[in-house]
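# Descriptive analysis of the structure
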Amino acid sequence: MAKTTEKYGEWPLKRLMTDVVGSGHKSADDMTREQAEEAFRRILDLEPDPTTLGAFWLANRWKRNTPEELAAYIDVMAEGTEPYAPDCDPVDCGANYDGKGRTAIFGVAAGLIAAAAGTPVVAHSGDRVPTQKQDAYKHVLDELGVRTDLAPEESAAMTDEVGFGFYYQPNFASEVDALSERRDEMGVRTFVNTIETLANPANASTHLGSFYHLPYAKRIIDTFQEAETEAVDRVVMFQGMEGYDDVRPGSTKVAVWDEGEEMRDFDIETPEYGMDFEEDDLAVDDVAAESATITEEVLTGERDDQFADAVAVNAALRIYAGEGADNIEDGLEQALTAIESGAAAERLEALRAF
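Anyway, here's the lowdown on the structure attached to this text. (Residues numbered from 1 in each chain as written. Predicted model: local features only at pLDDT ≥ 70, side-chain atom pairs only at ≥ 80, totals over all residues. Heavy atoms only, no water.)

Now for the layout of surface pockets. Considered as a void within the structure, the largest pocket measures approximately 860 Å³ in volume. Surrounding the largest pocket, 30 residues form its lining, R189, T194, Y212, Y216 and R219 being those nearest its centre. Counting only elements with at least two residues in the lining of the largest pocket, the list comes to helix 3 (50–63), helix 11 (191–195), strand 4 (206–211) and helix 12 (214–226). Considering only residue class, the lining of the largest pocket consists of 11 nonpolar, 13 polar and 6 charged. For the second largest pocket, the calculated volume is near 190 Å³. Forming the walls of the second largest pocket are 13 residues, and the residues nearest its centre are R303, D304, A308, L336 and I339. Those elements giving two or more residues to the lining of the second largest pocket turn out to be helix 14 (306–321) and helix 15 (328–340). When residues in the lining of the second largest pocket are grouped by element, the largest group, 4 residues, is from helix 15. (1 Å grid on protein atoms, 1.4 Å probe; cavity = no way out; pocket = protein on both sides within 12 Å on 5 of 7 lines; lining within 4 Å. Points joined across faces, edges and corners; volume = space filled by probe spheres on them. Helix = DSSP H or I, 4+ residues; strand = E, 2+ residues; numbered from the N terminus. Nonpolar A, V, L, I, M, F, W, Y, C, P; charged D, E, K, R; others polar.)

In this section: the pairing of strand 2 (residues 121–125). For strand 2, a buried count of 5 out of 5 residues is recorded, marking the element as mostly surrounded by other parts of the structure. A two-sided burial pattern is seen for strand 2, the buried positions comprising V121, A123 and S125 on one face and V122 and H124 on the other. Strand direction decides the pairing type here: strand 1 (residues 91–93) and strand 2, joined by 3 bridges, are parallel. Each residue of the ladder has a partner; that of V91, found in strand 2, is V121. Where the polypeptide runs from strand 1 across helix 5 (residues 107–116) and back to strand 2, its parallel neighbour, the crossover connection is right-handed. The pairing of strand 2 with strand 3 (residues 164–168) spans 5 bridges and is parallel. Within the sheet, the bridge partner assigned to V121 lies in strand 3 and is F164. (Buried < 20%, exposed > 50% of the residue type's maximum accessible area, 1.4 Å probe, protein only. Pairing = 2+ DSSP bridges. Right-handed = clockwise from strand over helix to strand, strands pointing away.)

Below, the discussion takes up the packing of aromatic side chains. On inspection of all chains with the given rule, the structure shows 9 aromatic pairs. With a centroid separation of 6.4 Å and an interplanar angle of 85°, the aromatic rings of F266 and Y320 are classed as edge-to-face. With F266 in strand 7 (residues 264–269) and Y320 in helix 14, this pair connects stretches of sequence that are 54 residues apart. By the ring-pair criterion, three or more aromatic residues cluster together here, those being F40, F56, Y73 and F191. Note that R15 overlies the ring of W11, its terminal NZ or CZ placed 3.7 Å from the centroid. When the ring centre of Y168 is taken as reference, the NZ or CZ atom of K138 above it lies at 5.4 Å. (Phe/Tyr/Trp six-rings, centres within 6.5 Å; stacked < 30°, edge-to-face > 60°. Lys NZ or Arg CZ within 6 Å of the ring centre and 35° of its normal.)

Attention shifts here to the pairing of strand 4. Taken across its 6 residues, strand 4 has 6 buried, putting it largely inside the fold. Neither face of strand 4 is open: one carries T206, L208 and S210, the other H207, G209 and F211, and all of them are buried. Strand direction decides the pairing type here: strand 1 and strand 4, joined by 3 bridges, are parallel. Paired with V91 across the bridge in strand 4 is T206.

Structure, rendered in structure tokens:
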């Protein structure tokens, strides 16, 4: 039974299903900000009946959430989030929390190279998040022997000390983490999979993410503009592999937005930057373990193959996103210098020692 309106308002999820979002993907209406806020507060409190919650999540998936709705969810998520900003202003990497299952994860290696080049980076993830429950940032770091069960203030200290920081979802967004069992029962992704990647626990001013199609990038940029709790004023997104923040090989589109400007997009040909191969060439059998091995071997200069080339380009994109370089070519030059000088390997050792 829905709780009284004194705590929430007049829009329990069952009423939203009947009156607003539940009539199908063509005829459903969008929610107001107030309705979406109330809905997510109820969800985070575990108040809705599980059947109603599942129907609501599925209805949102059918109709596709508007930026206003997503921004409302983000603002409510922020009410129960414990961010902790480092002294530096890092690039926030928002990769899908439910991970990758076919290709290597390059974000740890790329982030450490960017850090060595002077562009601090943070990443965040949970642990086996539904629906895929595959390998994410945390699991690569675990394989590298890096401490990941960090309080938010420790994550901030790591970012300042190393130039690369990791924030662990159960410790900075425990209310969202508590939804894991109900999300798992859905069997498909929900809007929570989208908004958790936008959590920004380091209060960074730059967000780096990925998309399959350009309209999705535009929706995320509009979401940041609608959100009242976000400090982001620059967004860089590109077409990634498996929905992750690893740029795909080949002809790839990049979208960039700076506050006060319109979104702009451009195409890059990754073979021009050394990624002259196919996505299948980046496949691995054990994503976490092999990604950790690749990370160490690339940073120490022991590896010079397609994985090393992919890491370097992903580092270049992070340097570019953080405005440490005017273009990707300049970012790539800085990334290669950081590897060749040994500075990137030093950042890995500092991360392990933290």
